[in-house]
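Each chain, written out:
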Amino acid sequence: MVALAVVGGAVVVVAARDTRTVLLALAVTLVASPLLADPLATPLGLAARFVGAILAVYLLWVVARERGVVGILPSPTGGSRIGWPAEVLVAGGAAVVGFVAHGLGAPAGGPPLASAATANPAALAVAPVATGRDVMRVGTGLLLLIDAALLVRIALGGTPGDVEQLVTAAMLIVLAGALAALAANARADGTGGYAFSDPGRVRVRREPDAHPLDQA
Amino acid sequence: MSLLPFVLMTSVGAVLALLFRRNERIATAIAVVCLLGAVVTALAIRPGQSVVVGGAGFATTEYLRLFLVLGAIAGLLLAIVGQAVGSRRDVPAVTLGVLATSALALSLPDARLAVLAATASGGFGALVTLVPIGGRGGSTVGTRVLRATVVAGTMAIAATAWIGRDLTDLAAQPVVFGLAYLAFALAVAIRFGAIPAHGWAARLTDTVPESTLPLVTAWAPAAFAVVALAWADSSIAPLLVDLDAVRFVVLAIAVISIVLASVAAFVQEDIEHVVGYAIIGDAGVVLLAIAALDPAAWAPARTWILAFVVARSAFAAWAAATRTAFFTGRVADLRGWAIRRPDLAAVLALVVIASVGVPGLAAFDARAAIVGLAVDGPFAALVLLGTLTPLAYYGRLFLVGLGRPEGRQGGGGAWRPVVAPVDLTDLRGWLARTWSANQAVTAMGGAALLAILALAVSAGAFGTSQAAAGLPPTLDVSTESFVPGEPGPEAPVDSDAPSAPAVDGEASGTPAP
């Protein structure tokens, strides 16, 4: 169930366009990830991760909320270019690979489900991180990517200690805080929302090889 | 534990300065005061202490203390130079954040935790791109900085997690060790912006003032690199596994970065890009040390890291002072700068000696040792020559400086302080006027101080070489435990690795496998 929450959250993060939906899904993924450890972390460690995850997402939420009074309107992110069904397939394939590769050649300290869940955010994050054209999409992809690394840590090394959970939470807050500041700065500049200032590599749309019969 | 005041001073200062960032004066004042406090608290760090908290631990070393002292001083001077020549409002706060996370990264014996702290350091670095108006461009570049940081952090976390467990029942091919090593080495390359992963660093150079560059592309990745060196020496180097193919990849990136960064710096038309590529070139030597995969490279690598980050800070401060003095950073427009401002020429000469060095200086010898350990045969001589290629762009700068100026140009600004009689009826106004009239002098003074500091570190002052030869943070030295039932103080580690002179109670020598 927890693994499904991580996977489902990751799919929504990369597939949705509404920023608040993306952030809600990100919160689910970040909160559920430490629960995949077996045995569970101590209450103190879990509390640190929960607080870290919620605070990290809250910082982004502050930036994303619309404030019509001051003229700040909703700004969607880029969303998935291949649609959510394709993202689900990517997640499914990654889960199989992660489950089979559990331990990566040596006995692992964590459960196989963690390995299966690890591959999902990692695989799903590749597209937004590599091809994203707005701050929020790239940023949420980055948070998914770092969460995947933390899941690798759980899957291979077992349950992290309290101090590690604390340092992890602090890192998530710093990264999300930096992302929130960057997103707010972009959103405050003109009407482009979170979009990058440069369009990046322009994608050339190839013309169809054949013309419709009625134009021939 | 003596590290705690430093961490509190820098982390609380960073948070407060960022919270008050809308009021630039208050935020800057808080940050500068905390940077001063950081210098004091860093000096008060006692090496050889360790504390265990909930199964993990923190330990202080002489190298940690030296890194933080130099970082705090360089950060303070760069912040002052930045205020004088115009910089980003968040730079002092970011400096504090980078120092706090670097302190954690260098004091955590467990590499799995240290990489987390070092990754957070890069998150702070992305904030230097923020500007109050027209911030979309800055955010775009900042996101790229963040992307490099997180991708590198992900690779490092995965690598340390793979090795950092019980591998007695290993069923995988040894090549997996090579992949873990390669992942961490590439992570370091990405963090430094080594070629070909230099795109984000190049865009950053386009966007931020030169005085902020060393913070993001040198100081923050330096802590990450030290963690990588400690991890590689303790986890990878002792293995009897053939990693030549993987080492070759790291070696290639290192050599390419050293040579091509010098070429790129040589052909740049403005001095901030010269600074940016100079940092990348020097970072290539750090990658050489990682490619060496030899515990003997531990001490020279850490010596070089200290020398290079301080020297590049001085170079950046020189560039900022020069731009302020001549109202331009374009190399072609700076003809005659050295004749008009011999003081700036003297500062650049100090920077050249500190960064390129001469035989006998600790940094020069360290770099030669790294090259010798990383590369064998005649190729070593070529690589060593490659590390001297910065002389080409320094020479170009001096040649331009000695050339005849084209047309009428400014005189290079005042080089002497201008202080009007104190107006006791308007002390605040007098201070503002004095500061305004002496901004170029302040920038020049900061650059000169940094250049002297760089030369001292490069020469091995402050016990640089001894500190660099010390062990990585270990919990086996005078342990203070916060966990009931944990053992008390233990005897120092007895390392069978080659020993070096002991430093202030710290066991010395290359890290034991």
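As the structure is a prediction and not an experimental result, all values here were calculated from the model. (Residues numbered from 1 in each chain as written. Chains lettered and ligands numbered in written order. Predicted model: local features only at pLDDT ≥ 70, side-chain atom pairs only at ≥ 80, totals over all residues.)

Glancing now at the overall build of chain B. Assigned secondary structure in chain B consists of 20 helices and three strands. Going through the 513 residues of chain B one by one, you find that 63% of them count as buried. If you take every contact in chain B between residues at least 6 apart in sequence, the share linking residues at least 24 apart comes to 80%. (Helix = DSSP H or I, 4+ residues; strand = E, 2+ residues; numbered from the N terminus. Buried ≥ 20, exposed ≤ 12 C-beta atoms within 10 Å, placed from the backbone. Contact = placed C-beta atoms within 7 Å.)

A separate point is the overall build of chain A. Scanning chain A for helices and strands turns up seven helices and zero strands. The secondary structure elements of chain A, listed N-terminal to C-terminal, are α-α-α-α-α-α-α. Burial status across chain A gives 56% buried among its 216 residues. Considering only intrachain contacts with a sequence separation of at least 6, the fraction spanning at least 24 residues in chain A is 74%.

Next up on the list: unusual backbone geometry. The omega torsion of the bond from Asp38(A) to Pro39(A) falls at 5°, within 30 degrees of zero and hence cis. Here Pro39(A) is to be found in the loop between helix H2 (19-32) and helix H3 (43-64). The omega angle of the peptide bond from Ile195(B) to Pro196(B) is 15°, so this bond is cis rather than trans. Within the element layout of this structure, Pro196(B) appears in the loop between helix H7 (175-192) and helix H8 (199-207). A positive phi is found at Phe327(B), a non-glycine position, where the angle reads about 60°. Note on placement: Phe327(B) falls in the loop between helix H12 (298-326) and helix H13 (337-340). Given 12 C-beta atoms within 10 Å, Phe327(B) falls into the exposed group.

All right, on to the pairing of strand S2 (residues 56-59) of chain B then. For a regular strand, side chains alternate in direction, first toward one face of the sheet and then toward the other. Residue and element names in this part refer to chain B. Alternating positions in S2 separate into two faces, Ala56 and Phe58 on one and Gly57 and Ala59 on the other, with burial throughout. Here strand S1 (residues 50-53) pairs with S2 via four bridges, running antiparallel. The residue of S2 that forms the bridge with Val52 is Gly57. As consecutive antiparallel partners, S1 and S2 are separated by two residues, and within that stretch Gly54 has a phi angle of approximately 55°, a positive value. (Pairing = 2+ DSSP bridges.)

The next point concerns the interface of chain B and chain A. Counting from both sides, the interface comprises 42 residues of chain B and, opposite them, 42 residues of chain A. When contributions to the side of chain B that touches chain A are tallied by element, the ones reaching two or more residues are helix H5 (111-125) and helix H6 (136-163) of chain B. The class makeup of the residues in the side of chain B that touches chain A is 21 nonpolar, 15 polar and six charged. (Nonpolar A, V, L, I, M, F, W, Y, C, P; charged D, E, K, R; others polar.)

Residues and elements named next belong to chain A. At a minimum axis distance of 7 Å, the contact between helix H4 (residues 83-100) and helix H5 (residues 112-131) shows a crossing angle of 140°. Relative to H5, the element H4 lies oblique. Judged by the twist between their axes, the crossing of H4 over H5 is right-handed. Along its contact with H4, which presents Glu87, Val90, Ala91, Ala94, Ala95, Val97, Gly98 and Phe99, the element H5 presents Pro112, Ser115, Ala116, Ala117, Thr118, Ala119, Asn120, Ala122, Ala123 and Leu124. Here the contact of H4 with H5 is built from residues that sort into 13 nonpolar, four polar and one charged. (Axes fitted to C-alpha atoms, helices over the stretch in contact; angles between N-to-C directions. Parallel < 35°, antiparallel > 145°, perpendicular 65-115°, else oblique. Left-handed = near helix turned anticlockwise from the far one by under 90°.)

A few words now on the environment of Ala230(B). Residue and element names in this part refer to chain B. With respect to the helices and strands, the residue Ala230 is situated in helix H9 (residues 213-236). Accessibility expressed as a C-beta count within 10 Å gives 20 for Ala230, which makes it buried. Taking the C-alpha atoms as reference points, Ala230 and Pro295, separated by 65 residues in sequence, lie 9.0 Å from one another.

The next subject is the environment of Gly45(A). Residues and elements named next belong to chain A. Among the structural elements, Gly45 can be located in helix H3. The class for Gly45 is buried, based on 23 C-beta atoms found within 10 Å. With 10 residues separating them along the chain, Gly45 and Leu35 place their C-alpha atoms 11 Å apart. The residues contacting Gly45, other than those within four sequence positions of it, are Pro160, Gly161, Asp162 and Gln165.

This paragraph deals with the packing of H8(B) against helix H11 (residues 271-292) of chain B. Residues and elements named next belong to chain B. Running from amino to carboxyl end, H8 crosses H11 at an angle of 150°, the nearest separation of the two axes being 9 Å. As far as their axial angle goes, H11 and H8 are roughly antiparallel. For H8 against H11, the interelement crossing comes out right-handed. Between H8 and H11, the contacting residues are Ala201, Ala202 and Thr205 on the first element and Glu272, His273, Gly276 and Ile280 on the second. In terms of residue class, the contact of H8 with H11 is made up of three nonpolar, three polar and one charged.

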